[in-house]
Amino acid sequence: QVSRRLETLLSTADRGRIYREGIALAIVGRPNVGKSSLLNALLRQSRAIVTPSPGTTRDTIEETININGIPVVAIDTAGLRETEDAIELVGVKKAEETIERAGVVLLVLDAQEVITGEDVELRRKFTGKPALVVLNKVDLLTEAELKRCLESASNSFGSDAIMAVSALTGYGIEALEDRIAEVLLGGAVSSTDSVLVSNVRHKRAMESALAGLRHAGQTVDDRQPVDLVSIDLMAARNSLGEITGETAAEDLIDRIFSEFCIGK
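Each chain carries its own residue numbering, running from 1 in the written order of its sequence. A pLDDT threshold of at least 70 governs which residues receive local features in this predicted model, and a stricter bar of 80 or more applies before side-chain atom pairs are shown or counted, although totals over entire chains, interfaces and linings include all residues. Excluding hydrogens and water, the side-chain figures rest on all heavy atoms present in the structure.

### As for the nonpolar core
Move 1: Counting 30 residues, the largest nonpolar core has Leu25, Ile27, Leu38, Val72, Leu106, Leu176 and Ile180 as its most contacted members.
Move 2: Note on conventions: DSSP H or I runs of at least 4 residues are helices, E runs of at least 2 residues are strands, and numbering of each starts at the N terminus. For this core, the elements supplying multiple residues, two or more each, are strand E1 (23-28), helix H3 (35-43), strand E2 (61-67), strand E3 (70-76), strand E4 (104-110), strand E5 (131-136), strand E6 (161-164) and helix H7 (173-184).
Move 3: Excluding residues that lie within four positions of it along the chain, leucine 25 makes contacts with Val72, Val73, Ala74, Ile75, Val104, Leu106 and Ile180.
Move 4: Counting residues in each nonpolar core, the second largest holds 21 residues, with Leu107, Leu109, Leu122 and Leu135 among its members. Buried residues of nine kinds, namely Ala, Val, Leu, Ile, Met, Phe, Trp, Tyr and Cys, make up a nonpolar core once their side-chain atoms join them within 4.5 Å. The buried label goes to any residue with under 20% of its type's maximum accessible area, the exposed label to any with over 50%, and the partly exposed label to all in between, with areas taken from a 1.4 Å probe on protein chains only. Should any heavy atoms of two residues lie within 4.5 Å, those residues are considered in contact.

This is the structure in structure tokens:
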């Protein structure tokens, strides 16, 4: 039972780390598709400058938001396109660097425009990274046009999730946030009363304890002396004691206290 409980807790470690440390979300796309408007919609306030002119955003804009309890650093990037403008080139370079470090990417498209090979090629730039395709400005489409747009996006981007939103009216923003949280948590359902492992030291201690318990079980199966079983069980107990403080060594205690700011 202890082993199963440890395995269950360890399975939450990645989610716990996300809740503790947050994750970067890159908003990318060609110029004038509404990336800055989408950032403002997620923030519920006007943070990024929005104009009808393509190429307004020349630098990255980062803001921390809370999506279903997850701290997310949303990063608005410069429009990705071929350009000879020196300043815009710097923005494009920063956008590509942002994609590299992002935990998830939103590829924003203008739902009014035909999906191009440039859009598909842009998606290939972050192949293997969790991504959502966001069709923005759907408030400007009829129901029939939206249906055709969704079908075209599905054909162009395959298994990627396609989200229809209007950054202007707020349509689809909450559904997008729910899907972002689902992608970040790997599809796992998070409960507010569930226990999550969010500390790396705790994770390592539980991995060590689990290894000790498994080795003890194997020792029993091999009909080895009871003394050897007790050694493995004691090692597992000591590992768990590092979490509770019962067996914490002096250097470990120093490391724990170094993570906190303690005043008089």
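### Quick look at the sheet that holds E4
Move 1: Ordered by their spatial adjacency, 6 strands build an open sheet running E2-E3-E1-E4-E5-E6, and the pairing between neighbours is mixed. In this open sheet, the two strands that pair with only one neighbour each are E2 and E6. Pairs of neighbouring strands in the sheet enclose a mean axial angle of 25 degrees, with direction left out of account.
Move 2: Angular values range over 0 to 180 degrees, each being the angle between N-to-C directions of two axes fitted as lines to C-alpha atoms, with helices fitted over their stretch in contact. Against the sheet, helix H6 (residues 143-157) engages E4, E5 and E6, with an angle of about 155 degrees to E6. Two strands pair if DSSP finds at least two bridges between them.

### Focus on the confidence of the model for the protein chain
Move 1: A score between 0 and 100, pLDDT records how confident the predictor is in each residue. On average, residues of the protein chain carry a pLDDT of 75, and 63% of them reach 70 or more.
Move 2: Taken together, the stretch residues 53-58 has pLDDT below 50 and engages in 18 contacts with residues farther than four places along the chain or on a different chain.
Move 3: Confidence drops under a pLDDT of 50 for residues 188-193, and excluding neighbours within four residues, the segment shows 5 contacts in the predicted structure.

### Digging into H6
Move 1: Every helix has an expected span of 1.5 Å times one less than the residues it contains. Taking 1.5 Å per residue as the helical rise, H6 with its 15 residues ought to reach 21 Å, and the 21 Å between its terminal C-alpha atoms agrees with that figure.
Move 2: What H6 keeps buried is the set Leu146, Cys149, Ala153 and Phe157. For H6, the buried positions fall inside an angular range of 60 degrees around the axis, keeping them on one side. When the buried face of H6 is taken as reference, the exposed residues oriented beyond 90 degrees from it are Lys147, Arg148 and Asn155.
Move 3: Of the surrounding elements, those touching the buried residues of H6 are E4, helix H5 (117-124), E5 and E6.
Move 4: Positive phi shows up at glycine 158, right after H6, with a value of about 60 degrees. Regarding the arc, it is the one traced by the directions from the helix axis to the C-beta atoms.

### What about H7?
Move 1: Here H7 spans 16 Å end to end across 12 residues, near enough to the 16 Å set by a 1.5 Å rise per residue.
Move 2: All of the buried residues in H7 are Ile173, Leu176, Glu177, Ile180, Ala181 and Leu184. Looking straight down H7, one finds that the buried residues subtend no more than 135 degrees of arc, so they occupy a single side.

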